[in-house]
Amino acid sequence: MKIMVTGGAGFIGSNVVDGYIREGHQVIVVDNLTTGRRQNFNSDAVFYEMDIRSPELRTIIEKERPEIINHHAAQTSVPVSVNNPLEDADVNIKGLLNLLEGAVSSGVKKFIFISSGGAIYGDIPGAPADEEHRIEPLSPYGVSKFASECYLGYYRHQYALRSVILRYANIYGPRQIPRGEAGVVAVFMNNLLNKIPSVLNHYPEDPDGMVRDYCYVKDVVRANLIALSDTVEGIYNIGTGRPTKTIELYRIIYEAVKEVMPDLPDYLKEPERAPARPGDLKWSCLSVEKAKFQLGWTAGYSLSEGIRETLKWWKKKIGK
Ligand SMILES: NC(=O)c1ccc[n+]([C@@H]2O[C@H](COP(=O)([O-])OP(=O)(O)OC[C@H]3O[C@@H](n4cnc5c(N)ncnc54)[C@H](O)[C@@H]3O)[C@@H](O)[C@H]2O)c1
């Protein structure tokens, strides 16, 4: 199959590109390298260094005629979206519309859109949120992700463009850059490997931090492979359904690093504490029953297995 992956030089997108190529698909990557990296780039793919908002993008879609567009490129930072909602909407909405217009005029069969469960369900203490959960985005980033989902509904209705929406939980694994909250695994791991204290942000009522659903990127790649299937359409949460507090995550990473670096100092056993940042959700965890029953997909990696796999990559990267 010929597939265009936007954001294919980024953390998750590049892992998806590798997965598609491993399965024998032909891949075209569009990425402007704002946060993506050249070293993530798979040389078996065709690469266009281009902004998804560029008018030339439609010419590329017309020329390459992919059967499927998998759209991972985005302005992904919640704080950036809060400080600059116009920039967030420009990339996430205008970029999406540019792609969708190109898709319908070039006969693309299906559009796989990457949304965010954490960002669109809002603060959801209690049971993991399923796909029917109330939508209550608390940031412009969440708003742009949900608005994108609505646009996909419109293009399905108006142009019969089929779509799959994958609402990700917190994804971690090789190639994640330590930055912001979404990169907390990378931040803790990088700090511990370099013997630097980490900061755990928390609300006053709970010094153990916030709850998140951490899903290993290789499981996410499998979901993107399943999404290619002709019979798959609709909205699916992609996560583990397991709530994890930041302190548990930190301890799992600490133990994994200690196994490979026995001289890790004891003072790093506990992170430093700092107040939660504006916009930090207290609780976010996704129900993945729909993906399990309709797609036969579940996350195969436990958190400690995924952390150990990620650590192997980090050790190689920093030469330890
Ligand atoms: N990491 C997570 O936990 C998480 C959770 C929920 C959803 N997501 C979504 O998954 C997708 C991938 O996220 P990621 O964590 O791999 O982030 P990332 O920053 O590593 O990847 C985003 C990629 O998009 C590219 N890009 C950004 N703006 C672009 C533009 N205007 N034109 C062309 N390319 C552009 C970047 O260069 C980068 O390669 C995003 O849509 C993000 O919103 C991620």
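Right above here is the structure, for reference.
Keep in mind it's a predicted model, so treat the numbers as computed, not measured.

Participant: I tried to follow the environment of Pro265 on my own but got confused; where do I start?
Facilitator: Position of Pro265 relative to the elements: it lies in the loop between helix H9 (246–260) and strand S13 (272–275). Note: C-alpha distance between Pro265 and Leu192 (73 residues apart in sequence) is 9.4 Å. Not counting the four nearest positions on each side in its chain, Pro265 is found in contact with Lys195 and Tyr254.

Participant: Explanation requested: the site of the ligand in the structure shown.
Facilitator: Around the ligand there are 30 residues in total, and Phe11, Ile12, Asp31, Thr35 and Tyr141 lie nearest to it. Between the ligand and the protein, one listed contact pairs an oxygen atom with a backbone N or O atom of His72 at 2.9 Å. Tyr141 places a polar side-chain atom, nitrogen or oxygen, 2.6 Å from an oxygen atom of the ligand. For the ligand, the accessible surface in isolation is 820 Å², of which the surrounding protein chains cover 95%.

Participant: Just to check I follow, could you spell out the packing of H9 against helix H11 (residues 303–318) for this structure?
Facilitator: The relative placement of two packed helices comes down to the angle between their axes together with the axis-to-axis distance. Between H9 and H11, the least distance of the axes is 10 Å, while the angle of their chain directions is 50 degrees. Comparing the axis directions of H9 and H11 gives the class oblique. The handedness of the crossing between H9 and H11 is right-handed. Side by side, H9 and H11 meet where Leu249, Ile252, Ile253, Ala256, Val257, Glu259 and Val260 of the first sit next to Leu303, Ser304, Ile307, Arg308, Leu311 and Lys315 of the second.

Participant: Looking at this structure, how should I read a nonpolar patch on the surface?
Facilitator: On the surface, Tyr151, Tyr154 and Tyr159 cluster together to form a nonpolar patch covering roughly 290 Å² of accessible area. Assessed through its relative accessible area of 41%, Tyr159 is described here as partly exposed.

Participant: Looking at this model, I keep getting lost on the pattern of salt bridges. Mind explaining?
Facilitator: Tallied over the entire structure, the rule returns 23 salt bridges. Among the salt bridges present, the one from Glu205 reaches Lys282, with a minimum N-O distance of 3.1 Å. In this pair, Glu205 sits in the loop between strand S8 (199–202) and strand S9 (211–212) while Lys282 sits in the loop between S13 and helix H10 (289–295), placing the two residues 77 residues apart along the sequence. The exposure class assigned to Lys282 is partly exposed, which follows from its relative accessible area of 39%. When the shortest N-O distance is used, the salt bridge between Arg273 and Asp208 registers 3.9 Å. Taken together, the residues span a long stretch of sequence, with Arg273 in strand S13 and Asp208 in the loop between S8 and S9 at a distance of 65 residues. Classification of Asp208 as partly exposed rests on a relative accessible area of 28%.

Participant: What's the story with the packing of aromatic side chains in this structure? I'm lost.
Facilitator: What describes a pair of aromatic rings is the distance from one ring centre to the other and the angle between the planes of the rings. Counted under the stated rule, the structure contains 8 aromatic pairs. When the centroid spacing of 5.1 Å and the interplanar angle of 85 degrees are considered together, the rings of Tyr154 and Tyr155 count as edge-to-face. Taking the relative accessible area as the measure of exposure, Tyr154 reaches 39% and is therefore partly exposed. Since its relative accessible area comes to 4%, Tyr155 is described here as buried. On the basis of an interplanar angle of 35 degrees and a centroid distance of 5.4 Å, the ring pair of Tyr155 and Tyr159 is categorised as tilted. Within this pair, Tyr155 and its partner Tyr159 are both found in helix H6 (residues 140–159), separated by 4 residues, close to a single helical turn. Ring pairing ties together the aromatic residues Tyr154, Tyr155 and Tyr159, which thus form one cluster. The ring of Tyr236 is capped by Lys290, whose NZ or CZ atom sits 4.8 Å from the centre of that ring.

Reading guide: rules and limits
- Residues numbered from 1 in each chain as written.
- Predicted model: local features only at pLDDT ≥ 70, side-chain atom pairs only at ≥ 80, totals over all residues.
- Heavy atoms only, no water.
- Helix = DSSP H or I, 4+ residues; strand = E, 2+ residues; numbered from the N terminus.
- Contact = heavy atoms within 4.5 Å.
- Near = heavy atom within 4 Å.
- Polar contact = N/O pair within 3.5 Å; in protein donor to acceptor, adjacent residues only side chain to side chain.
- Areas by Shrake-Rupley, 256 points an atom, 1.4 Å probe, with all protein chains shown as cover.
- Axes fitted to C-alpha atoms, helices over the stretch in contact; angles between N-to-C directions.
- Parallel < 35°, antiparallel > 145°, perpendicular 65-115°, else oblique.
- Left-handed = near helix turned anticlockwise from the far one by under 90°.
- Patch = residues over 30% accessible without salt bridge, like charges linked within 9 Å, V, L, I, M, F, W, Y side chains within 5 Å.
- Salt bridge = Lys/Arg side-chain N within 4 Å of Asp/Glu carboxyl O.
- Buried < 20%, exposed > 50% of the residue type's maximum accessible area, 1.4 Å probe, protein only.
- Phe/Tyr/Trp six-rings, centres within 6.5 Å; stacked < 30°, edge-to-face > 60°.
- Lys NZ or Arg CZ within 6 Å of the ring centre and 35° of its normal.

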